[in-house]
Amino acid sequence: MNSLLHRGRLAGFGIVLALALLPLLPVNEFWITQMNFVGIATLVVLGLVLLTGVAGLTSFGQAAFVGIGAYATGYLCVVLHLSPWLGLLAGLAVTVLFAAALGLLTLNLSGHFLPLGTIAWGVSLYFVFGNTEALGKYDGLVGLPPISLGSIALDSGRSFYYFLWAVVLLSAFALSNLLDSRTGRALRALKDGTAMPEAMGINTFRYKLIAFLVAALLASLAGWLQAHYQRTVDPSVSSLRASIGYLFMAVIGGVSLIGGAFAGAATTQILDDRLQVWLPRLTGSEGHYEVIVFGILLVLLLQRASQGLFGMLGAWAAPQARAVQPIALHRGERIPSAGPLLRVRGLSKRFAGLLAVDGVDFDVQAGEIVGLIGPNGAGKSTTFNLITGVLPPSAGSVTFNGQPVTGWSARAIAHAGLARSFQHVRMVPEMSVLENVALGAHRRGGAGVLAAVLGLDRKEESGLLSEAAAQLARVGLAGQMHEPAGNLSLGSQRLLEIARALCTNPTLLLLDEPAAGLRHAEKLALAEVLRELRAQGIAILLVEHDMDLVMNVTNRIVVMEFGRLLLTGTPREVQASPAVRAAYLGTEIEGVS
Ligand code: ADP
Ligand code: MG
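Since this is a predicted model, take the numbers as computed values, not measurements. (Residues numbered from 1 in each chain as written. Chains lettered and ligands numbered in written order. Predicted model: local features only at pLDDT ≥ 70, side-chain atom pairs only at ≥ 80, totals over all residues. Heavy atoms only, no water.)

Examining the pattern of salt bridges
Now for step 1: Applying the stated criterion across every chain, the model contains 15 salt bridges.
Now for step 2: In this structure, Arg-519 and Glu-522 form a salt bridge, with 3.5 Å as the shortest nitrogen-oxygen distance.
Now for step 3: Taking relative accessible area as the criterion, Glu-522 reaches 14% and is therefore assigned buried.
Now for step 4: One connected set of salt bridges, linked through shared partners, spans Asp-180, Asp-457 and Arg-458. (Salt bridge = Lys/Arg side-chain N within 4 Å of Asp/Glu carboxyl O. Buried < 20%, exposed > 50% of the residue type's maximum accessible area, 1.4 Å probe, protein only.)

This is the structure:
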């Protein structure tokens, strides 16, 4: 691990040194220009790494924000004769307003509607710029001043180069800090739907909006730089072609890797230029053949290396595991109320014509394990979803710790101290086991984007990670905390889910078929963990098919059939009940004999 860290730092240092020396070498001005365009594009692509690669939101409209940044400063400098720095502020401000409005309208669109929406606003902004008199219509604005730092005007390719690359490297550093934080984990958890992060108490819409705003701001910053570098702005900055170009760079380089933004922008920019020179010579005719080459390259990469060029570097590009300092996390006191911890009364759910859950009543007392069993289709999962706030009930009530929580969102219920696992494991496979589990501790921290970017969240971050490490130790997974979660066996993945749920500091754990698909030894380990948790005072509601497990670990069992409560009793009473035998008739039940 140390030699890896060493190599990674060495590589980073080498890149910075090469970038710093390039303009001092007797290289042709042409290459300085090329590298300046690479730097500007890298900024936009860094935003796409966050938005598309990390958060899983595809945008075909990033060039629109480049256009906003470029036109804002163009208008202020050329028409109002103000300073480029005011132009930058205006551009960023307009970008925030525009992106927030667009985000609120489009980020909850599902499936392909978001990419379509991004195309729509991208195209319309292009025509707005092209048809606005004050912005010079399709000719755009000319005669922008260079950016000045005090008395130094960045009016040469080389002076601009230094400023630009300082901005790009700082942005990449800030983004890397952001990804390696509480906010970053929440962003990375967005890719596979919202159910899991919401169940951990994470407001997923808020994080989608954050990814969208940060990506838009990076694009707007790129627009400002480009406008003052080229000294002109025209509508082509925000064309759909430009947007697709940025997305292309992200995919070629490695869409979920920060290094991929650099690799993608550099490869595309330089290859594009070279191909435009070489291909006409090869084919003997003019024509945009480079498009074909890029298309083939894209297909090859997607087939052979979906992590792009930078991903091919493998271990060189691998993120570093940071040592976890043990810092105890503040444990919000959960004040137990008198009476049962969970009280379910008359709970019902109607799906169209089907009454899936029909007037179910039961309690879970503090510190006991209650099994919820019944034949397939009995309504167990639906009951589970009604209690955890995934579905609103049609009738009835759920009271948790003396508080009525009927109809609360999954997020609010998680925050109240009721944590859950998923029947089909939900996790971020590329993220380490430790980071996955730390998602559960999200609401126990408060550091935001700015603290993360500036590295001011380190103490809190240590607290969250050491809480995750402690919960992993509790379920017996401490030895694997730095592995990618996707490498774990199914049994260990289910334990990961339990550790993650424990990080929310719950008093009641709801587990949906935690033993499904486990090997015998894994089931025994799971049973042991459940008993230990009970001994430590955590109540568990266990929806489970495996009768051996249910009979062995539960204090009481609730049996459902056709949506209704069939029987509540101890494992012994349930085993002896003729009604339960009848309900299960034809479906072999192990353990009932
Ligand atoms: P169990 O988990 O006990 O196997 P479920 O709660 O999944 O049972 O399902 C109970 C009944 O409700 C089944 O008949 C199922 O087909 C139906 N059902 C579950 N979810 C939905 C839904 N979203 N829409 C319509 N019917 C559903
Ligand atoms: Mg089910």
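Re the side chain of Ser-243
Now for step 1: Mapping Ser-243 onto the fold places it in helix 10 (residues 240-253).
Now for step 2: A relative accessible area of 2% places Ser-243 in the buried class.
Now for step 3: With residues near it in sequence (within four places) discarded, Ser-243 still touches Phe-60, Gly-61, Gln-62, Ala-63 and Ala-64. (Helix = DSSP H or I, 4+ residues; strand = E, 2+ residues; numbered from the N terminus. Contact = heavy atoms within 4.5 Å.)

What to know about helix 11 (residues 258-283)
Now for step 1: Between its first and last C-alpha, helix 11 extends 36 Å over 26 residues, near the 38 Å set by a 1.5 Å rise per residue.
Now for step 2: A maximum bend of about 30° is found in helix 11 at Leu-275.
Now for step 3: By the burial criterion, the buried members of helix 11 are Ile-258, Gly-259, Gly-260, Ala-261, Ala-263, Gly-264, Ala-265, Thr-268, Asp-273, Leu-275, Leu-279 and Pro-280.
Now for step 4: Structurally, helix 11 contributes buried residues whose contacts are with helix 2 (29-54), helix 6 (157-179), helix 10, helix 12 (290-304) and helix 13 (308-311).
Now for step 5: Positive phi shows up at Gly-284, right after helix 11, with a value of about 75°. (Expected span 1.5 Å × (residues − 1). Bend = angle between axes of the 7 residues up to and from the residue.)

A few points about the site of ligand 1
Now for step 1: Near ligand 1, the surroundings consist of Phe-351, Leu-354, Ala-356, Pro-375, Asn-376, Gly-377, Ala-378, Gly-379, Lys-380, Ser-381 and Thr-382.
Now for step 2: For ligand 1, an oxygen atom lies 2.8 Å from a polar atom in the backbone of Lys-380.
Now for step 3: With respect to ligand 1, the side chain of Thr-382 contributes an N or O atom lying 2.5 Å from an oxygen atom.
Now for step 4: Within the complex, the protein chains bury 58% of what would otherwise be the 560 Å² of accessible surface of ligand 1.
Now for step 5: Only strand 6 (354-364) and helix 14 (380-387) provide two or more residues apiece to the shell around ligand 1.
Now for step 6: When residues of the shell around ligand 1 are assigned to their parent elements, the largest contribution, three residues, is made by helix 14. (Near = heavy atom within 4 Å. Polar contact = N/O pair within 3.5 Å; in protein donor to acceptor, adjacent residues only side chain to side chain. Areas by Shrake-Rupley, 256 points an atom, 1.4 Å probe, with all protein chains shown as cover.)

What to know about the environment of Thr-232
Now for step 1: Tracing the backbone shows Thr-232 in strand 4 (residues 232-233).
Now for step 2: Taking C-alpha positions, Thr-232 is 5.6 Å from Leu-141, a pair spaced 91 residues apart along the chain.
Now for step 3: Sequence-distant contacts of Thr-232, defined by excluding residues within four places in its chain, comprise Leu-141, Val-142, Leu-144 and Ala-227.

With respect to the packing of aromatic side chains
Now for step 1: One pass over the full model with this rule turns up 16 aromatic pairs.
Now for step 2: For the pair Trp-85 and Trp-224, a centre-to-centre distance of 5.2 Å together with 50° between the ring planes defines the contact as tilted. With Trp-85 in helix 4 (residues 84-106) and Trp-224 in helix 9 (residues 204-230), the pair connects residues that are 139 residues apart, well separated along the chain.
Now for step 3: In this structure Trp-85 comes out as partly exposed when scored by relative accessible area, which is 34%.
Now for step 4: Judged by relative accessible area, which is 2%, Trp-224 ranks as buried.
Now for step 5: Judged by centre distance (6.3 Å) and plane angle (70°), the rings of Phe-163 and Trp-224 are edge-to-face. Here Phe-163 is found in helix 6, whereas its partner Trp-224 is found in helix 9, with 61 residues between them in sequence. (Phe/Tyr/Trp six-rings, centres within 6.5 Å; stacked < 30°, edge-to-face > 60°.)

Digging into the confidence of the model for the chain
Now for step 1: Overall, the prediction assigns the chain a mean pLDDT of 89, with 93% of residues at 70 or greater.
Now for step 2: For the chain, the element scoring lowest by mean pLDDT is helix 1 (residues 2-21), at 70; helix 9 scores highest, at 97.
Now for step 3: A low-confidence stretch, residues 1-5 stays under pLDDT 50, and its non-local contacts, those more than four residues away or across chains, total five contacts. (pLDDT = per-residue confidence, 0-100.)

Details of the pairing of strand 8 (residues 395-400)
Now for step 1: In this sheet, strand 8 lies alongside strand 5 (residues 342-351) in antiparallel orientation, the contact comprising five bridges. Across the sheet, the residue bridging to Arg-343 is Thr-399, located in strand 8.
Now for step 2: Where strand 8 and strand 9 (residues 403-404) come together, two bridges link them in antiparallel fashion. Its bridge partner being in strand 9, Phe-400 is matched across the sheet by Gln-403.
Now for step 3: Once strand 8 ends, the chain turns through two residues before running back antiparallel as strand 9, passing Asn-401 with a positive phi of about 55°. (Pairing = 2+ DSSP bridges.)

As for the sheet that holds strand 13 (residues 556-561)
Picture the strands of a sheet paired through backbone hydrogen bonds; they go either parallel or antiparallel.
Now for step 1: Taken together, six strands build an open sheet; the order of strands is 10-11-12-7-13-14 and the sheet is mixed. Edge positions in the open sheet fall to strand 10 (418-420) and strand 14 (564-569), since each of these has one partner strand only. Averaged over all pairs of adjacent strands, the angle between strand axes in this sheet comes to 20°, irrespective of strand direction.
Now for step 2: The strands touched by helix 20 (residues 520-535) within the sheet are strand 7 (369-373), strand 11 (508-512) and strand 12 (539-543), with strand 12 carrying the most contacts at an inclination of about 150°. (Axes fitted to C-alpha atoms, helices over the stretch in contact; angles between N-to-C directions.)

Let's talk about unusual backbone geometry
Now for step 1: At Asn-505, a position not held by glycine, the phi torsion is positive, near 65°.
Now for step 2: Looking at where Asn-505 falls in the secondary structure, it is placed in the loop between helix 19 (490-503) and strand 11.
Now for step 3: Judged by relative accessible area, Asn-505 falls into the buried class, the value being 12%.

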